Each structure stands twice: as structure tokens, then as C-alpha cells.
Amino acid sequence: MKKLCFILCFFCFWQSQAQSIETEFWGTLKETDSASLFEAKQIFHVKKWKSKELELEIKNAPFFYSIVSPFFFSNMQIFIKKSSDNDWIKFDNFSFNGISLKCNTPHKDFSIKIEYEHRNLFAFFHMEATIYMRFFLAQWGTAFFTYPDMKFSKIHLQSPLTYDIFSNLPYVLDSIDSFQHFSLLQIPTTEQTDVSFGFVNKRFYQKEKISNDNFSIELWKRDSLALSEDSSAYLAFPWVTPKAKDLTSIEKIITTYKHFFKNDNFLSFKIIDLEFKTDSVTMGTSLNSYDSNICTILIDIDCWNDGTIEHEIIHNFMRVVPPKKDSAYFFFSESIPEYLSIALLHSYSAEDKIFQKKFETLEKKHFKDKSIFQTINNKIDEQAEYIIIYQKI
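Bear in mind that the values here come from a model prediction, so they are computed numbers and not experimental data.

**Observations regarding the overall build of the chain**
- When helices and strands are counted, the chain shows 7 helices and 21 strands.
- Buried positions account for 47% of the 393 residues belonging to the chain.

**Focus: the sheet that holds strand β4 (residues 73-82)**
- Read from one edge of the open sheet, 8 strands run β5-β4-β8-β2-β1-β10-β13-β12, paired in mixed fashion. Looking at the sheet topology across the chains shown, the edges are occupied by β5 (89-90) and β12 (171-176).

**Examining the packing of aromatic side chains**
- Within the structure shown, the criterion is met by 27 aromatic pairs.
- Between F64 and F72, the ring centres sit 6.2 Å apart and the planes meet at 35°, which makes this aromatic pair tilted. F72 shares its class with F64; the two are buried.
- Considering the side-chain rings of Y171 and F182, the 5.8 Å spacing of their centres and the 85° angle between planes classify their relative orientation as edge-to-face. Of this pair, Y171 sits in strand β12 while F182 sits in strand β13 (residues 179-184), and the two are 11 residues apart along the sequence.
- By way of ring pairs, the aromatic residues F63, F64, Y65, F71, F72, F73, F96, Y116 and F145 are connected into one cluster.
- Across the ring face of W88, the terminal group of K81 is positioned such that the distance to the ring centre comes to 5.2 Å.

**Notes on the side chain of H118**
- Position of H118 among the secondary structure elements: in strand β8 (residues 110-118).
- Among the polar contacts made by the side chain of H118, one reaches the main-chain carbonyl oxygen of F72 at a distance of 2.9 Å.

**Structural notes on empty space enclosed by the protein**
- As enumerated under the stated definition, the model contains 2 cavities of 30 Å³ or more in all.
- Space inside the second largest cavity adds up to approximately 30 Å³.
- Forming the walls of the second largest cavity are Y65, N120, L121, F135, F136, L137, W140 and G141.
- The class makeup of the residues in the lining of the second largest cavity is 6 nonpolar, 2 polar and no charged.

**Re the sheet that holds strand β11 (residues 163-167)**
- Read from one edge to the other, the open sheet built from 3 strands follows the order β9-β14-β11, with strand pairing classed as antiparallel. The outermost strands of the open sheet, each flanked by one partner alone, are β9 (133-136) and β11. Ignoring strand direction, the axes of neighbouring strands in this sheet form an average angle of 15°.
- Alignment of β9 against strand β14 (residues 197-201), held across 4 bridges, turns out to be antiparallel. Residue F135 lies in a different strand from β14, and its bridge partner there is G198.

**A short note on a positive patch on the surface**
- Residues K47, K48, K50 and K108 make up a contiguous surface patch of positive charge.
- Mapped onto the fold, K108 is located in the loop between β7 (100-104) and β8.
- Judged by relative accessible area, K108 falls into the exposed class, the value being 61%.

**A look at helix α6 (residues 329-343)**
- Its 15 residues place the ends of α6 21 Å apart at the C-alpha level, agreeing with the 21 Å of an ideal helix rising 1.5 Å per residue.
- Roughly 30° is the biggest bend found in α6, and it falls at S335, with proline P337 one to four residues downstream.
- Three or more residues of α6 are buried, namely Y329, F330, S333, E334, S335, P337, E338, L340, S341 and I342.
- Packed against the buried residues of α6 are α4 (247-261), α5 (308-315) and α7 (348-364).

**Description of the environment of R319**
- Mapping R319 onto the fold places it in the loop between α5 and α6.
- For R319, a relative accessible area of 30% puts it in the partly exposed group.
- For the pair R319 and N288, spaced 31 residues apart in the sequence, the C-alpha separation amounts to 8.4 Å.
- With residues up to four places along the chain from it excluded, the contact list for R319 reads N288, S289, D291, S292, I294 and C295.
- A polar contact is formed between the side chain of R319 and the backbone oxygen of S292, at a distance of 3.5 Å.
- Polar contacts involving the side chain of R319 include one to the side chain of N316, which spans 3.3 Å.

**Here's the deal with the pairing of β13**
- Counting buried residues along β13, 6 of its 6 residues qualify, which places the element largely inside the surrounding structure.
- Residues of β13 alternate between two faces, with F179, H181 and S183 on one and Q180, F182 and L184 on the opposite face, all of them buried.
- Relative to β13, β12 runs antiparallel, the two sharing 5 bridges. Residue pairing across strands places V172 opposite S183, the latter belonging to β13.

**A word on the confidence of the model for the chain**
- For the chain, mean pLDDT is 78; residues scoring 70 or higher make up 74% of the total.
- No element of the chain has a lower mean pLDDT than helix α1 (residues 2-17), which averages 47, and none a higher one than β8, which averages 93.
- Confidence over residues 6-16 falls short of pLDDT 50; this stretch has 1 contact with residues more than four positions distant or in other chains.

Scoring rules and cut-offs
- Residues numbered from 1 in each chain as written.
- Predicted model: local features only at pLDDT ≥ 70, side-chain atom pairs only at ≥ 80, totals over all residues.
- Heavy atoms only, no water.
- Helix = DSSP H or I, 4+ residues; strand = E, 2+ residues; numbered from the N terminus.
- Buried < 20%, exposed > 50% of the residue type's maximum accessible area, 1.4 Å probe, protein only.
- Pairing = 2+ DSSP bridges.
- Phe/Tyr/Trp six-rings, centres within 6.5 Å; stacked < 30°, edge-to-face > 60°.
- Lys NZ or Arg CZ within 6 Å of the ring centre and 35° of its normal.
- Polar contact = N/O pair within 3.5 Å; in protein donor to acceptor, adjacent residues only side chain to side chain.
- 1 Å grid on protein atoms, 1.4 Å probe; cavity = no way out; pocket = protein on both sides within 12 Å on 5 of 7 lines; lining within 4 Å.
- Points joined across faces, edges and corners; volume = space filled by probe spheres on them.
- Nonpolar A, V, L, I, M, F, W, Y, C, P; charged D, E, K, R; others polar.
- Axes fitted to C-alpha atoms, helices over the stretch in contact; angles between N-to-C directions.
- Patch = residues over 30% accessible without salt bridge, like charges linked within 9 Å, V, L, I, M, F, W, Y side chains within 5 Å.
- Areas by Shrake-Rupley, 256 points an atom, 1.4 Å probe, with all protein chains shown as cover.
- Salt bridge = Lys/Arg side-chain N within 4 Å of Asp/Glu carboxyl O.
- Lys, Arg positive; Asp, Glu negative; His and termini not counted.
- Charge placed at Lys NZ, Arg CZ, Asp CG, Glu CD.
- Expected span 1.5 Å × (residues − 1).
- Bend = angle between axes of the 7 residues up to and from the residue.
- Contact = heavy atoms within 4.5 Å.
- pLDDT = per-residue confidence, 0-100.

Here it is in C-alpha cells:
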């Protein structure tokens, strides 16, 4: 009994001495000549810090963030204060390489404030496309700094009135003045560093909606005409979604999947057309929403009719996959969704033709067979979902 009491007392003492980091994040979308400016401010509240240095990082940052960091992060300033003080002091004793931020920590209990301007990966590839959309996907590098086991107390986003917001966290509109003010709502039981969000310029999109007793769909398709900012004229643009699937066909796809997976929840889908395409990359992606009934899909205009939209929709019905370090991760996270997205919507003969065409494409690329248990990458020419992985028996 005495031993048990000692263990409990030691645990309570350890808890009282444990380091803790809580953070707040504010982000403001600015309409500028560069059309890609995102002003950010983040505050870390640190308690019982034992080290002489604090290292924060942009999670999932691509390696070239460190090579051309001034493009992605500019005008960075850092301020610090003791927890007992009210005034911030400018702090220059830090280093930042585009991914990792290191600074000396003169106190045990303190707050550190980081202010910076951020341009993300989308702006790097498609500066001209940021006129109609900006998005910050956690898997491409978070818009904020992270520390293991940190907790968010606040995420607040602002955008001009001409923009709409999307996120993998539920959010509420707090107020409207010259900007729209949104608060993202946290779910305490989830990993909070995987936060994605984005902004869509409503002037360049047509919004279509449909709803029934089982689900709703909000389809955002870019138009070739957009009203100028002062509403005095229409501007013509060369992009338009080519033969994009309409709401009726998407409704049929979702109905089929709901029936197969026996999903009785009411689902809300938001599908947003974009243009991320480069010489070697096209994209469709589903945001990993913390609310399994909210489904947000971003999709390239070239992916509307190649099976990508079906693949991304089915991801929202198959959220439980092995950890990424598991040897069969790609088989369960990509191969099975790819197979089902085809098999559930086509006849046997049509299904065989589709898969045969895929295998012929792989042969032309001289791709060698590989066991799923040896696969650590699921990309061919940077097109991740094009490959179907099976283990040969």
C-alpha cells in the first residue's frame, strides 16, 4: 500500500513539473498585387520549460522551403515576455531556415510571439492561380509552427468579403466588418497539428447545390467570366471546367457508395474545382476532416473525368487505414479505394477494360512489380493514385 501511495505521489509531482505548450494562431488573407499574401501571427505559451533552447518547426514542409525560404516566409519578427509581464520585448536571438525555428529561452515560464508573411506551396507553383484560390494543406507544410504535443487554444482566420473559407475543422463566422472573421473549432481528442484550410474567391466561381434526406453537395466550378473587383466590367479568363460532372452524376456516385458502406449518417460534401496542374502533377485530394460527416474535396480540372473524383469521394467512406509506417499502408489507403471506386460503378466488362488500360500504362513506363510490403512510395511520375498495388501470390 505504501508503495502504491509513493507511485501516485511521484506521478502527481511529475505532472505538476511537466512542460506544457499552448498556442494561438491568427491568419489574415490579404488581397495584394502579388495575390498571395497571408499575414500570420502565432503565440506560444510555455510553462515549466527546462531547456535553454526552443525549437519549433513547419510540419511536413517540403525540403526546398529551406532553399528558398525568403519566398515562403518574409518580414518575420519575434517577441517574448515573461508570463508575469504584460509588455512584449522584440527578440532577435533566433534562427530560421525555412523549416525549423530555434530561439534561446531566457525564462522558464514565458510567451513567444511570431509574426510573419507566408506564401505557400500553391503560390510557388501557380502564382497566377492565387487570384482565385489560396489553400494551406497540412500535408504540404502547415501554415503555422508546431511543437510535439502542443495544444491549440485558438485558431482565428480573416478574409476579404469576396472570399469563402473551407477547412478540415468545423468553424463559425464570428463577425463581419471590412473582413470576415472565422473561428475554427477544436476537437480535444484529435491531433491538432493536422489543420488545413483555404480561401476561394467567390467572384470566379459558380456555386451549385443539391440536397436530399441523406446528403448535401456543394459544387464550386470556376467560370470563364468574373465580375471585376469594382463591379464595373466582366473579366475573361482562359480556364473553364471541361465537361465537369454535374450534380446529378455526383449524386448517383455518393448514393452508390453510401449503400455499399451502409453509411446512415447525413453527409455534407463540398467539391472545389482548382488548377494545380503542372507539367507532371495533377491533383485530387480529400481534406482529412475531423468531422467524418463533413467532406471537402479539391480537384484539378483535368481530373474530373479520369476517375479521380470517384476515388476522392470514396476516401470519405474509408477513413480507417493503417498508420503510414505500416508496410501495407498504400494498399489499404490507395489501392482498395481505387479498386472499389471503379468496381462499384462499372460492369464487369467495363471494369476489366479500365484496369487493363492502367496496366498498359504502367508497362509503357517500365514500372517493375513490387510487393506491397516493400512499397514505401506510391508515385509514378508524381501521379500517386494512378498505380494499383497488389501482392503477387
